[in-house]
Amino acid sequence: MKRRVRAALMLIALVAIPLANAQDITVHAYLDARLVAAPDMTSWTRGGVGKTRYGTADDGLRFGGAAVAIAIQATPSWLAFADVQYQTTDRSTLDVIEAYLRYRPVSTTPWRASVKVGAFMPPVSLENDGVGWTSPWTLTPSAINSWVGEELRAIGAQGQLEWRGKRQTLALSGALFKDNDPTGTLLADRGWSVSDLTYGMGSKLRVPDAYARVFGDPDHTRYNPFQEIDGRWGWYANLAWQAPGYGQVQLMRYDNRADPAAHTVYEGSADVFAWHTYFWSLGARTDTGAVTWIAQAMDGGTRIDPVPGLGVETRFRSAFLLVGWNLGAWRPALRVEHFSTGKRVNGSPTGRGESGNAVTAALNWRPRAWLRVTGEVLRVIGDRSELKALGLPTHFAQTQMQLSARLLY
Amino acid sequence: MRWLLGVVIASALLAVRAVSAGEWSVRVQDDAHRPVGDAVATLIPDAPLPAPAPRAPAATKIVDQKDETFVPYVQVLRPGDAVVFRNSDATRHHVYSFSAVKSFEFVLAPGEKSEPLMLDKPGIAAVGCNIHDHMLTYLYVSDAPNIGVSGPDGVIGFPSLPPGRYTLRVWHPQLHPGRAELTQVVQISDNVSAPPLSVTLPLLPDPRTRMDREHMEY
């Protein structure tokens with residue numbers, strides 16, 4: 001997979017850069033530092049079961065991350081795009097969040113078609129559209145989009161057809177992809193998180209140490225979420241509707257079509273499975289005066305068959321409502337959400353899973369175009385009965401507070 | 001009292017405003033009473049004028065592209081007028097339209113101008129850039145004898161209106177799609193010093209959201 005991403009980046013460099021004038025290259029970037037008051041529970045990013053990005057031993061001044069997004073308009077129809085980030089939470093990584101080529105010829109009819117090839121985010125989020133998969137509303141995205149940033153990526157091709165009417169625009173997109181077989185691992189082993197630590201190609205995710213000790217391989221708690229295990233193609237389809245004065249709605253079906261019995265050796269560990277992951281996602285956004293409303297719900301499941309005749313499936317659900325006020329330089333935002341998982345064995349519920357709620361309040365201040373200051377309080381509370389089998393307390397109640405200064409280019 | 005007579009005979013369905021001949025203006029504002037620029041007002045006499053103004057010769061209007069923004073937002077043309085798109089940016093633009101009035105496309109390198117594009121029939125053409133989706137402008141082609149566009153102060157001036165009964169129409173790109181544009185009957189008298197007519201347009205937010213450092217929207 002690394003070779004494919006490297007090849008994609010080289011292709012972009014070879015094809016796009018010589019064709020583009022210097023003026024047709026756009027660069028955006030961010031650099032984030034923050035003061036953190038973390039909950040006293042080891043974060044999942046350190047191998048714990050805490051839901052937030054920061055936990056025990058994370059108080060103080062932290063590097064929030066940095067990313068550079070480069071768009072090269074090689075010809076009027078061809079765009080090359082790459083989004084590369086640097087992170088030090090979990091461990092220092094320089095990784096590629098997205099890298100793709102897009103062909104979108106002009107159309108002098110209401111119909112417009114485009115094709116995207118490379119590694120890209122499925123169009124799930126209505127929150128995150130900034131450099132490095134960041135959100136303008138909060139530092140921490142919803143549980144749904146936290147997971148998307150952690151484990152979901154399409155490496156393949158996406159086609160899109162738009163119909164642009166006077167009153168509304170419809171866009172239907174569909175993709176065939178590979179290299180996303182382990183997605184779902186975290187939802188099953190760790191559960192949901194509410195965390196802004198995005199992973200790209202070149203980084204490795206970590207399952208909770210306690211889980212690896214009991215059910216997996218304690219010497220190999222990491223895995224690459226963007227790898228191909230069974231050779232099957234996955235797909236997604238997304239229908240988006242947008243109308244001025246009303247807002248937008250989008251409905252997505254995702255299915256990586258992984259073979260739940262397939263697994264592979266990864267860095268000496270033989271338990272990296274192809275998780276058959278599928279979900280529906282429904283999102284909507286509208287504006288009432290200076291207030292923006294965003295809502296999204298996701299319902300799906302992920303399954304492996306670790307031994308013949310044993311199917312272990314984790315059903316997952318989450319929904320959030322975000323309200324943000326556009327008050328010029330000030331942009332307060334409030335988000336409430338619910339998340340849950342439930343484990344089934346051979347189709348029968350086991351009673352094990354998790355259920356939780358989170359509230360996020362953020363106050364954003366943009367005194368300059370290049371500076372964003374954000375204060376955010378995040379409260380996550382719930383129960384994860386899965387933890388009982390690991391000998392851990394099942395109840396979690398965490399409060400994370402952050403004050404971030406983000407330089408924007 | 002001729003203006004009063006005009007009010008009495010106005011249409012029962014349409015509100016009628018009586019104003020004075022000569023210099024007259026419409027002041028356009030939004031729901032929050034802020035002046036609205038780029039609104040187009042047309043005044044069409046209900047009966048043919050005894051001495052209609054001579055038709056102006058065909059003109060060529062410019063639509064510029066600066067800082068990834070079309071300037072102006074709304075360009076008014078007469079049937080037979082032409083428009084030239086000029087790229088004053090340091091980046092390439094791909095100007096196009098799929099409107100019923102005219103469909104066209106021009107790839108414009110930095111500093112380049114398009115060939116004059118003649119618009120021969122009335123209507124409104126939305127124009128975009130296929131490279132920068134947030135860029136938007138409108139060509140308003142009309143054969144109305146009296147037409148004007150509001151400036152940043154929201155004022156549209158009509159310098160020499162003969163007395164008579166007119167139908168006023170006010171359009172703006174951010175009117176709710178599908179809803180009728182503002183229409184009002186006005187009676188122009190031969191009195192002088194009539195105050196401007198204020199009209200309020202409920203507008204949608206400006207769709208020309210530029211690519212901000214926090215919103216990439218590729």
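Numbering of residues begins from 1 in every chain and follows the order in which that chain's sequence is written. Each chain is given a letter, starting from A, and each ligand a number, starting from 1, according to the order in which they appear as written. For this predicted model, a pLDDT threshold of at least 70 governs which residues receive local features, and a threshold of 80 or more governs which side-chain atom pairs are given and counted, while totals over whole chains, interfaces and linings are taken from all residues.

1. Structural notes on the overall build of chain A
Move 1: Secondary structure elements are taken from DSSP: a helix is a run of H or I of four residues or more, a strand is a run of E of two residues or more, and numbering for both begins at the N terminus. What chain A contains, in helices and strands, is four helices and 20 strands.
Move 2: The atom set for the radius of gyration is the C-alpha atoms, and the globule formula is 2.2 Å times the number of residues raised to the power 0.38. The C-alpha atoms of chain A give 21 Å as radius of gyration, which agrees with the globular expectation for 409 residues (22 Å, within 12%).
Move 3: Dimensions of chain A along its principal axes, counting C-alpha atoms only, are 60 × 45 × 40 Å.
Move 4: A sequence separation of at least 24 residues applies to 61% of the contacts in chain A between residues at least 6 apart. Working definition of a contact: two residues with C-beta atoms, positioned from the backbone, lying within 7 Å.

2. Digging into the overall build of chain B
Move 1: The secondary structure content of chain B amounts to one helix and 17 strands.
Move 2: Taking the contacts inside chain B whose residues are at least 6 apart along the sequence as the reference set, 67% of them involve residues at least 24 apart.

3. What about the environment of Val-141 of chain B?
All names here are of chain B.
Move 1: Its place among the elements puts Val-141 in strand S12 (residues 136–141).
Move 2: With C-beta atoms placed from the backbone, a residue counts as buried when 20 or more other C-beta atoms lie within 10 Å of its own, as exposed when 12 or fewer do, and as partly exposed for counts between those limits. Look at Val-141 and you get buried, because 23 C-beta atoms sit within 10 Å.
Move 3: Between the C-alpha atoms of Val-141 and Lys-121, which are 20 residues apart in sequence, the distance is 6.9 Å.
Move 4: For Val-141, the residues in contact, after removing those within four places along its chain, are Leu-77, Pro-79, Val-101, Leu-119, Lys-121, Pro-122 and Gly-123.

4. Points about the nonpolar core
Move 1: Core analysis: the biggest nonpolar cluster contains 68 residues, and Val-96, Ala-119, Ala-143 and Trp-147 of chain A have the highest contact counts within it.
Move 2: Listed in part, the 38 residues of the second largest apolar core include Val-26, Phe-106, Ala-125 and Val-141 of chain B. Only buried Ala, Val, Leu, Ile, Met, Phe, Trp, Tyr and Cys residues enter a nonpolar core, and they are joined through C-beta atoms within 7 Å.

5. Here's the deal with unusual backbone geometry
Move 1: Backbone torsion omega between Val-71 of chain B and Pro-72 of chain B reads 5°, so that peptide bond is classified as cis.
Move 2: Relative to the helices and strands, Pro-72 of chain B resides in the loop between strand S5 (69–71) and strand S6 (74–77).
Move 3: For Ala-57 of chain A, which is not glycine, the phi dihedral falls at a positive 75°.
Move 4: Residue Ala-57 of chain A is classed as exposed on the basis of its 11 C-beta neighbours within 10 Å.

6. Points about the confidence of the model for chain B
Move 1: The predictor's confidence in any single residue is recorded as pLDDT, a number from 0 to 100. Residues at a pLDDT of 70 or more form 85% of chain B, whose mean pLDDT is 86.
Move 2: Quick note on the complex model: pTM equals 0.91, ipTM equals 0.88.

7. Regarding the interface of chain A and chain B
Move 1: Chain A puts 26 residues into the contact, and the matching count from chain B is 25 residues.
Move 2: For the side of chain A that touches chain B, the element with the highest residue contribution is strand S2 (residues 60–73) of chain A, accounting for three residues.
Move 3: Each residue gets one of three labels, nonpolar for Ala, Val, Leu, Ile, Met, Phe, Trp, Tyr, Cys and Pro, charged for Asp, Glu, Lys and Arg, and polar for the others, Gly among them. Counted by class, the side of chain A that touches chain B contains 12 nonpolar, eight polar and six charged residues.

8. What to know about the sheet that holds strand S11 (residues 123–129) of chain B
All names here are of chain B.
Move 1: Paired strands, in this sense, are two strands between which DSSP finds at least two bridges. Read across the open sheet, the five strands follow the order S6-S12-S11-S8-S9; overall the sheet is mixed. Edge positions in the sheet fall to S6 and strand S9 (103–108), since each of these pairs with one other strand and no more. Strand-to-strand twist in this sheet, taken as the mean axis angle between neighbours without regard to direction, amounts to 20°.
Move 2: Strand direction decides the pairing type here: strand S8 (residues 93–98) and S9, joined by six bridges, are antiparallel. The residue of S9 that forms the bridge with Phe-98 is Ser-103. Axis definition: a line fitted to C-alpha atoms, over the contacting stretch in the case of helices. Angles run 0 to 180 degrees between N-to-C directions.

9. Re the sheet that holds strand S10 (residues 117–118) of chain B
Residues and elements named next belong to chain B.
Move 1: Spatially, S5-S4-S7-S10 is the arrangement adopted by the four strands of the open sheet, whose pairing is mixed. The sheet terminates laterally at S5 and S10, the two strands that pair on one side only.
Move 2: Strand direction decides the pairing type here: strand S7 (residues 82–87) and S10, joined by two bridges, are antiparallel. Directly across from Ala-82, in S10, lies its bridge partner Met-118.

10. A few points about the environment of Gly-202 of chain A
Move 1: Structurally, the position occupied by Gly-202 of chain A is in the loop between helix H3 (185–189) and strand S8 (205–206).
Move 2: Sequence separation of Gly-202 of chain A and Gly-283 of chain A is 81 residues, and the distance between their C-alpha atoms is 29 Å.

11. Topic: the environment of Leu-203 of chain B
Move 1: Among the structural elements, Leu-203 of chain B can be located in the segment after strand S17 (197–201).
Move 2: Aside from chain neighbours lying at most four places away, what touches Leu-203 of chain B is Asp-30, Val-36, His-172, Gln-174 and Leu-175 of chain B.

12. As for the pairing of strand S4 (residues 93–103) of chain A
Residue and element names in this part refer to chain A.
Move 1: Pairing of strand S3 (residues 78–87) with S4 involves 10 bridges; the strand directions are antiparallel. Looking across to S4, one finds that Val-84 is bridged to Val-96.
Move 2: Connecting S3 to the antiparallel partner S4 that follows it, the hairpin turn spans five residues, and Asp-90 within it adopts a positive phi of roughly 70°.
Move 3: As defined by bridge partners, S4 adjoins strand S5 (residues 111–120) across five bridges and the pair is classed as antiparallel.

13. A look at helix H2 (residues 143–151) of chain A
All names here are of chain A.
Move 1: The buried fraction of H2 is high, at nine of nine residues.
Move 2: Among all positions of H2, only Ala-143, Ile-144, Asn-145, Ser-146, Trp-147, Val-148, Gly-149, Glu-150 and Glu-151 are buried.
Move 3: For H2, the secondary structure elements touched by its buried residues are H3, S8, strand S15 (291–307), strand S16 (310–325), strand S17 (330–345) and strand S18 (348–368).

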